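Chain by chain, the residues:
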Amino acid sequence: MPQRPSNERGRTAGSAISLRRRHLLQSAAALLVAPAAGSLLIPLAQAAPAQAGAAAATASSIGDWVWIEPSGQVVIGVSQCEVGQGIYTGLPQVLADELDADWASVTVRFVTGRDAYRNDAGEMPFQQFVGASMSMNYFYERMRLAGAQARDVLLRAGAARLGVRASQCSTRAGRVLHSATGRSVGYGEIVADASRLSIAARPRMKSASEQGLIGRNLRRVDTPAKVDGSAVFGIDVEVPGMLIGAVRMAPSVTGRIVRIRNEAEVRARTGVHAVVRTTQWPDPEPSTVVVVADSYWIAKQAADALDIEFDAGAAASVDSERIHAQFVAGLASDKAVVARNLGKPREMLAAGKPITADYHSPYITHATMEPLAATVHVRDGEVETWGPYQGQDFLRGELGKACGVPADKVIVHTTFLGGSFGRKYMPDFALHAAAASKAVGRPVKVIRSREDDIRHSYYRPGASGRLSAVLGADGLPAALHARISGQSLYGAINPKKMADAGGWDETMVESIYDLIYGVPNLLVDAVDVQQPIPLSYLRSVGTTSSVFFLESFISELAHTAGVDDYQYRRRLLAGQPLALGVLDAAARAARWEQPAPAGLHRAMTFNVYTGRGESFQTFVALVMELRVVEGRVRLERAICAIDAGRVVNPGLVKANVEGGIGFALTNTFKSRLGFDKGVVQQSNFHDYPLLQLAEMPRVEVVLVESDRPPQGCGEVALGPTAPAVATALFHATGRRFRSMPLPQDIAST
């Protein structure tokens, strides 16, 4: 766990402010936030990051996930980091249900370092990581099994202690009960005996009717610590002897250091320990300088004072207008790679009178609320790191390679993540701290400024799309051609997967190449317009572009056919009961069949979000309602119906959907990165703003009952949001808006 030094020497100005903020929060919590009687709050002071097996020394373990103390306190391990998605609550809820634990006596700990904590979700290499909305989908049965296995050995140990057959006993609220005599024994009293018993491979698991916690809206266990200031994020980490680093990075996304003209002068400043040249992963060329000092303020001032000559590199000629022109040219290119070709779409489009529309989306970045921060201590033959990490094993491997030690000699402590959306899976910020620690022989926490975070990230690529269709006599598309042109994500980060697919990138054409709508003649192709811009995953990956293109176009076809959004999609989804279920649920909640009040404009969109490798399918229908008031868009209400399989915790699913819609609306109205000579033009929230609270609509989430296993929910609401806004704006203004970000001030466009 992160340790706090006994004195405050070397603490940064920033961390001093942080401590005062935390003391204020903790004092306020003590005065104002008394727990309600009977509240089910898990003690998060004990739910801090820990290595596997790091429960109290008196606790006994059962398998890889459960530790029980003699007092009866149950520690449940969670291998999926808490990024804000609520997994610290949802997964323990599943295990505790099968275990028949007393929820009020459950503590949560992050665990790492064992194969049990690894997965290959999202077609990724077998590793420990969070991503692709798969934590609950992948670990649901694993946690149920772990809980059932622990309950089974406890039941047997309890029966032996009571001197009766196990078949005569039951479990409830952390106790083994013998109903015939009324005697019972607590889990803590028998766990030492239970831990010595063999674990059954296939213990009896509960039926749905026996489950008591799954399906309940339990409070999130991480909320109290985040409110009272005790939660530890990456920027809060303090270890003995720690120094602080600040970075200075090449302006261009492909820049490199030519020379530093005043390095000796800066190095001689009071409080400065080192000026370290390093790289921006995975580029091997030095492009970054880390100044290591006693405090962040000293380090940042020194980094800003460096007189560095940079070379812009391959991105020197990259600018936004040129990128856009290249993407548009790709829409007419003869170099497109076919992803799907069903029926005779080319012939039908050539013979008919196609309806055609072009759409565009920009490059965007994650802009997490907590900028990047990592602490690393490089020692002889070992590396230890503390930080907000989304991919523990990937980080182990990269730090091991950089520091010349085996991956199993890299100790990773994972803090809470102050947002990630995919960003903190990348190892660059920890590698900067490792380079600094190697240089000074001490632990170093490197804090990246917001400006460097935005200007040196791994972006979601922009794209352009051209969709063409001919309508049949029934008004439905008889043939459809979708062409997507842009920089390929897989071309940048997973070229083998792209090559194995035949040269096309599924992230560019998500929800289009595997179209669920009943279109008999379909052509989907893509053009990879290569750019020297670093890319990686960002929440919902390609669907924020592809679903915007597709659903906007479907709504345009519906308007041409004289059919409303809801009924048009119902016809296209005939024979798809799960899809129709969310459409109907959204329509009922929105009272779609009733005329909208005067001045209120609405639209409906749909998507089926398919997890990587077809690991899950989540169905979403979204109704957006808005008004135009004095020339500005005012969002009134968003109604989202979702079928995400069986719901473990309704509050968590609703929070993920609500947050997803808010994230998507920021992208819809605000987010756009510009490039000039390879330099990102935005730097902070003043020019890369977030949606304000007053701009957020009221969100109503309708959970459609399902007997399917839990599916993903963290990213699924994003894709349908922008096209719903765009179509509602069309109804309000009579104008089509086909380029993101969409305008909020209609009068000025």
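These figures come from a predicted structure and were not determined experimentally.

## Looking at the overall build of the protein
(1) Moving on: If you tally the helices and strands in the protein, you get 19 helices and 27 strands.
(2) Moving on: Taking 2.2 N^0.38 as the reference for a compact globule, 749 residues should give roughly 27 Å; the C-alpha atoms of the protein span a radius of gyration of 27 Å, in line with that estimate.
(3) Moving on: By its C-alpha atoms, the protein is 80 × 80 × 50 Å across when sized along the principal axes.
(4) Moving on: For the protein, with 749 residues in total, the buried portion stands at 59%.
(5) Moving on: Once local pairs closer than 6 in sequence are excluded, the contacts in the protein between residues at least 24 apart make up 76%.
(6) Moving on: If you sum the accessible surface of the protein, you get close to 28900 Å²; carbon and sulfur atoms cover 51% of it.
(7) Moving on: One way to put it: in the protein the 79 positive side-chain charges average out to a point 3 Å from where the 73 negative ones average out.

## Quick notes on the domain arrangement of the protein
(1) Moving on: Taken domain by domain, the protein consists of domain 1 (60-227), domain 2 (243-314 + 372-447) and domain 3 (320-363 + 460-732).
(2) Moving on: The C-alpha-based centres of domain 2 and domain 3 are spaced at 37 Å.
(3) Moving on: Residue-level contacts link 8 residues of domain 2 with 12 residues of domain 3.
(4) Moving on: Counting the contacts that link domain 2 with domain 3 gives 0 salt bridges.
(5) Moving on: In terms of residue class, the side of domain 2 that touches domain 3 is built from 5 nonpolar, 3 polar and no charged.

## Describing the confidence of the model for the protein
(1) Moving on: Taken residue by residue, the protein gives an average pLDDT of 92. The fraction at 70 or more is 93%.
(2) Moving on: Confidence drops under a pLDDT of 50 for residues 1-21, and excluding neighbours within four residues, the segment shows 36 contacts in the predicted structure.
(3) Moving on: When the criterion is pLDDT under 50, residues 24-54 qualifies, and its contacts beyond four places in sequence or with other chains add up to 59 contacts.

## Comments concerning the UniProt feature "domain: Aldehyde oxidase/xanthine dehydrogenase a/b hammerhead" (unreviewed entry) in the protein
(1) Moving on: Within this structure's numbering, the places UniProt gives as "domain: Aldehyde oxidase/xanthine dehydrogenase a/b hammerhead" (unreviewed entry) are residues 228-314.
(2) Moving on: Taken end to end, residues 228-314 is 18% helix and 37% strand, and its two terminal C-alpha atoms sit 47 Å from one another.

## Some points on the sheet that holds strand β16 (residues 382-387)
(1) Moving on: With mixed pairing, 7 strands are arranged side by side in an open sheet as β10-β11-β8-β18-β15-β16-β17. Both edges of this open sheet fall to β10 (272-279) and β17 (410-414), since each of them pairs with a single strand only. Sheet twist, expressed as the mean angle between neighbouring strand axes with direction ignored, is 25 degrees.
(2) Moving on: Each of β8 (243-249), β10, β11 (286-293), β15 (373-379) and β18 (444-447) is contacted by helix α11 (residues 428-440), which is oriented at about 40 degrees to β15, the strand it contacts most.

## Some thoughts on the side chain of Asp505
(1) Moving on: Following the sequence through the fold, Asp505 ends up in the loop between α14 (495-500) and β21 (521-528).
(2) Moving on: If we ignore the near neighbours within four places in the chain, the residues touching Asp505 are Ser488, Leu489, Tyr490, Gly491 and Met498.

## Points about the pattern of salt bridges
(1) Moving on: Taken as a whole, this structure holds 47 salt bridges when the rule is applied.
(2) Moving on: Residues Asp152 and Arg156 are paired through a salt bridge, measuring 2.9 Å at the closest nitrogen-oxygen approach. Taken together, the residues Asp152 and Arg156, both in helix α3 (residues 135-162) and 4 residues apart, mark about one turn of the helix.
(3) Moving on: Note on Arg156: relative accessible area 29%, which makes it partly exposed.
(4) Moving on: When salt bridges that share partners are traced, they join Glu82, Arg220, Asp222 and Lys226 into one network.

## Regarding helix α4 (residues 187-194)
(1) Moving on: Among all positions of α4, only Tyr187, Gly188, Ile190, Val191 and Ala194 are buried. The buried residues of α4 occupy one face: seen down the axis, they fall within an arc of 165 degrees.

## Brief notes about the environment of Arg735
(1) Moving on: If you trace the backbone, Arg735 turns up in the segment after α19 (721-733).
(2) Moving on: Given a relative accessible area of 33%, Arg735 falls into the partly exposed group.
(3) Moving on: Discounting residues that sit within four places of it in the chain, Arg735 has contacts with Leu729, Phe730, Ile746 and Thr749.

## Considering unusual backbone geometry
(1) Moving on: For the bond running from Trp281 to Pro282, omega is 0 degrees, close enough to zero to count as cis.
(2) Moving on: Mapping Pro282 onto the fold places it in the loop between β10 and β11.
(3) Moving on: In this structure, the amide linkage connecting Met740 to the following residue, Pro741, adopts the cis form with an omega of 0 degrees.
(4) Moving on: Structurally, the position occupied by Pro741 is in the segment after α19.
(5) Moving on: You will see that Ser511, though not glycine, has its phi angle at about 70 degrees, which is positive.
(6) Moving on: A relative accessible area of 9% means that Ser511 is categorised as buried.

## Brief notes about the packing of aromatic side chains
(1) Moving on: In the structure shown here, the tally under the stated rule is 21 aromatic pairs.
(2) Moving on: When the centroid spacing of 5.6 Å and the interplanar angle of 50 degrees are considered together, the rings of Tyr88 and Phe416 count as tilted. With Tyr88 in helix α2 (residues 87-99) and Phe416 in the loop between β17 and α11, the pair connects residues that are 328 residues apart, well separated along the chain.
(3) Moving on: The buried category is assigned to Phe416, whose relative accessible area is 5%.
(4) Moving on: Taking the centre distance of 6.4 Å and the plane angle of 25 degrees together, the rings of Phe327 and Tyr363 count as stacked. Residue Phe327 is found in helix α8 (residues 320-330), and its partner Tyr363 is found in the loop between β14 (355-361) and β15; the two are separated by 36 residues along the sequence. Pair check on accessibility: Phe327 and Tyr363 agree, each one buried.
(5) Moving on: Every member of this aromatic cluster is reached through a ring pair, and the members are Phe129, Trp281, Phe394, Tyr425 and Tyr458.
(6) Moving on: A cation sits over an aromatic face here: Lys226 above Phe416, 5.0 Å from the ring centre.

## Examining the nonpolar core
(1) Moving on: Counting 94 residues, the largest nonpolar core has Val509, Phe606, Ile642 and Ile661 as the members making the most contacts within it.
(2) Moving on: Here the element with the most residues in this core is helix α17 (residues 577-590); it accounts for 8 residues.
(3) Moving on: The residues that make up this core include at least three from each of domain 1 (60-227) and domain 3 (320-363 + 460-732).
(4) Moving on: Discounting chain neighbours no more than four positions away, the residues touching Val509 are Ala339, Ile484, Trp504, Val524, Asp525, Ala526 and Ser546.
(5) Moving on: The next biggest cluster of nonpolar side chains, apart from the first, holds 58 residues, and it includes Ile87, Tyr88, Tyr140 and Cys169.

## Some remarks on the sheet that holds strand β1 (residues 60-62)
(1) Moving on: Across the sheet, 4 strands lie side by side as β1-β2-β3-β4; this open sheet has mixed pairing. Both edges of this open sheet fall to β1 and β4 (106-110), since each of them pairs with a single strand only. When the angles between neighbouring strand axes are averaged without regard to direction, this sheet yields 30 degrees.
(2) Moving on: For strand β3 (residues 74-78) and β4, the ladder comprises 5 bridges, and the chain directions are parallel. Bridge assignment links Ile76 to a residue of β4, and that residue is Val108.
(3) Moving on: Across the sheet, α3 touches β1, β2 (66-68) and β3, and the angle it forms with β1 is around 120 degrees.

About the criteria used
Here the residue index of a chain counts from 1 through its sequence in written order. Only residues with pLDDT of at least 70 get local features here, since the model is predicted, and only at 80 or more are side-chain atom pairs given and counted; chain-wide, interface and lining totals rely on the full set of residues. To obtain the side-chain values, all non-hydrogen atoms of the structure were included, while hydrogens and water were left out. Only DSSP runs of H or I covering at least 4 residues are called helices, and only runs of E covering at least 2 are called strands; the numbering of each starts at the N terminus. For the radius of gyration, the atoms used are the C-alpha atoms, and the globule rule reads 2.2 Å times the number of residues raised to 0.38. Residue burial is assigned from relative accessible area. The probe radius is 1.4 Å, only protein chains are included, and a residue is buried under 20% of its type maximum, exposed over 50%, and partly exposed in between. The contact rule is simple, with two residues in contact once any of their heavy atoms fall within 4.5 Å. Note on areas: these come from Shrake-Rupley sampling with a 1.4 Å probe, and a residue is covered only by the protein chains present in the view. Charged-residue counts in this description rest on Lys and Arg as positive and Asp and Glu as negative, His and the chain ends being excluded. In plain terms, the charge of a residue is placed at NZ if it is Lys, CZ if Arg, CG if Asp and CD if Glu. The start and end points of each domain follow an automatic or database-based domain assignment. We count a salt bridge whenever a side-chain nitrogen from Lys or Arg sits within 4 Å of a carboxyl oxygen from Asp or Glu. Residue polarity is assigned by list, with Asp, Glu, Lys and Arg as charged and Ala, Val, Leu, Ile, Met, Phe, Trp, Tyr, Cys and Pro as nonpolar; anything else, Gly included, falls into the polar class. Across the chain, each position has a pLDDT score giving the predictor's confidence in that residue, from 0 to 100. UniProt positions are given in the numbering used here, feature names are shortened, and annotations may be inferred rather than shown by experiment. Between any two strands, at least two bridges found by DSSP are needed for them to pair. For helices, the fitted axis covers only the stretch in contact; all axes are lines through C-alpha atoms, and the angles between them, taken along N-to-C directions, range from 0 to 180 degrees. Within this analysis, the arc is defined by the directions that extend from the helix axis to the C-beta atoms. To pair, rings of Phe, Tyr and Trp, with the six-membered ring standing in for Trp, must have centres within 6.5 Å; the planes then decide the type, stacked if under 30 degrees apart, edge-to-face if over 60, and tilted in the middle. Here, a charge over a ring is recorded when the distance from Lys NZ or Arg CZ to the ring centre is within 6 Å and its angle to the ring normal is within 35 degrees. By nonpolar core is meant a set of buried Ala, Val, Leu, Ile, Met, Phe, Trp, Tyr and Cys residues that side-chain atoms within 4.5 Å join together.

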